[in-house]
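# Secondary and tertiary structure notes
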Amino acid sequence: DFAALAENEDALSLGRSLFASYCTTCHGSDARGATGYPNLTDDDWLWGNTEQNLIATISNGRNGIMTPWAQILGSDEAVTNMANYVRSLSGLAEADDAAQAMQAQFTMYCGACHTPAGTGNQLLGAPNLTDDTGLYGSSLGAVRTTIAAGRTGQMPAHGEWLGADRSKILAAYVYSLSQ
């Protein structure tokens, strides 16, 4: 049982050891990540934190893609206005008139992945833009770069090395970090 594993001290000890061997390079020894690598100790999950989602992530890996939008938006000013609009969704910035005018374009271009409200889509790994968690940072410059140039990220698959049982134990350990 996954919930029992996430509370079992022996399983957590093995999970901690697996994490140290396979995950710390990207997520850090404290599991708080770094720029471009998710923090596993909070409650912000790009792909979801169910047993199935965590095991799939560990076993099969993930590819995250944010396409560049600078050319579609048409100007540096439009990219900056969109970045300000996106930051306003989480309360990080006040949307002035120019930023607020980007709402229709956000809904049209960004809503398919992030939802029109900006709440994200775990099926796609599209982040929730209404919180203040930014995988690459939440400053105007970081958000602007993400919109203009796009981002790619890859979590490598570990299932071949770990096998089903150890993948499940590692998933339970990772789950326990955010509880």
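First, a word on scope: everything that follows refers to the structure included in this document. Remember, predicted model here, so these are calculated numbers, not experimental data.

## Here's the deal with the packing of aromatic side chains
Per the stated rule, a full pass over the model turns up five aromatic pairs. Arranged with centres 6.5 Å apart and planes meeting at 15°, the rings of tyrosine 22 and tryptophan 161 form a pair that is stacked. Of the two residues, tyrosine 22 sits in helix H2 (residues 9-22) while tryptophan 161 sits in helix H10 (residues 159-177), which places them 139 residues apart along the sequence. Aromatic pair tyrosine 85 and phenylalanine 106: ring centres 5.5 Å apart, planes at 55°, arrangement tilted. Remark: phenylalanine 106 occurs in helix H8 (residues 103-114) and tyrosine 85 occurs in helix H6 (residues 76-89); sequence separation between them is 21 residues. Overall, phenylalanine 106 belongs to the buried group, its relative accessible area being 0%. Sitting over the ring of tyrosine 136, arginine 151 keeps its end group 4.2 Å from the ring centre.

## Topic: the nonpolar core
The biggest cluster of nonpolar side chains holds 20 residues, and the ones touching the most others in it are Phe19, Leu40, Leu54, Leu170 and Val174. Within the residue set of this core, elements represented by two or more residues are helix H1 (2-5), H2, helix H4 (51-60) and H10. When residues in this core are grouped by element, the largest group, seven residues, is from H10. Ala78, Met82, Ala83 and Cys110 belong to the second largest nonpolar core, which has 15 residues in total.

## Some words on the pattern of salt bridges
Within the structure shown, the criterion is met by two salt bridges. The residue lysine 168 makes a salt bridge to glutamate 51 at a minimum N-O spacing of 3.3 Å. Of this pair, lysine 168 sits in helix H10 while glutamate 51 sits in helix H4, and the two are 117 residues apart along the sequence. Take glutamate 51: its relative accessible area is 24%, and that puts it in the partly exposed class. Ionic pairing is found between arginine 144 and aspartate 76, a salt bridge with its closest N-O pair at 3.5 Å. On the criterion of sequence distance, the pair formed by arginine 144 in helix H9 (residues 140-149) and aspartate 76 in helix H6 is long-range, its members being 68 residues apart.

## A short note on the environment of glutamine 154
Mapped onto the fold, glutamine 154 is located in strand S2 (residues 151-155). For glutamine 154 and alanine 112, which are 42 residues apart along the polypeptide, the C-alpha to C-alpha distance reads 21 Å. The residues contacting glutamine 154, other than those within four sequence positions of it, are Arg62 and Asn63.

## Focus: the layout of surface pockets
Looking at the second largest pocket, its volume works out to about 190 Å³. Lining the second largest pocket we find 13 residues, and of these Pro38, Asn39, Thr133, Gly134 and Leu135 sit closest to its centre.

## Here we look at the packing of H4 against H10
Following both chains from N to C, one finds H4 and H10 inclined at 135°, their axes separated by 8 Å at the closest point. Considering the angle they form, H4 stands oblique to H10. In the crossing of H4 with H10, the sense of the turn from one axis to the other is right-handed. Every residue of H10 that contacts H4 at Glu51, Leu54, Ile55, Ile58 and Ser59 is listed here: Gly159, Leu162, Ser167, Lys168, Leu170, Ala171, Val174 and Tyr175. The class makeup of the residues in the contact of H4 with H10 is eight nonpolar, three polar and two charged.

Quick notes on the rules
- Residues numbered from 1 in each chain as written.
- Predicted model: local features only at pLDDT ≥ 70, side-chain atom pairs only at ≥ 80, totals over all residues.
- Heavy atoms only, no water.
- Phe/Tyr/Trp six-rings, centres within 6.5 Å; stacked < 30°, edge-to-face > 60°.
- Helix = DSSP H or I, 4+ residues; strand = E, 2+ residues; numbered from the N terminus.
- Buried < 20%, exposed > 50% of the residue type's maximum accessible area, 1.4 Å probe, protein only.
- Lys NZ or Arg CZ within 6 Å of the ring centre and 35° of its normal.
- Core = buried A, V, L, I, M, F, W, Y, C linked by side-chain atoms within 4.5 Å.
- Salt bridge = Lys/Arg side-chain N within 4 Å of Asp/Glu carboxyl O.
- Contact = heavy atoms within 4.5 Å.
- 1 Å grid on protein atoms, 1.4 Å probe; cavity = no way out; pocket = protein on both sides within 12 Å on 5 of 7 lines; lining within 4 Å.
- Points joined across faces, edges and corners; volume = space filled by probe spheres on them.
- Axes fitted to C-alpha atoms, helices over the stretch in contact; angles between N-to-C directions.
- Parallel < 35°, antiparallel > 145°, perpendicular 65-115°, else oblique.
- Left-handed = near helix turned anticlockwise from the far one by under 90°.
- Nonpolar A, V, L, I, M, F, W, Y, C, P; charged D, E, K, R; others polar.

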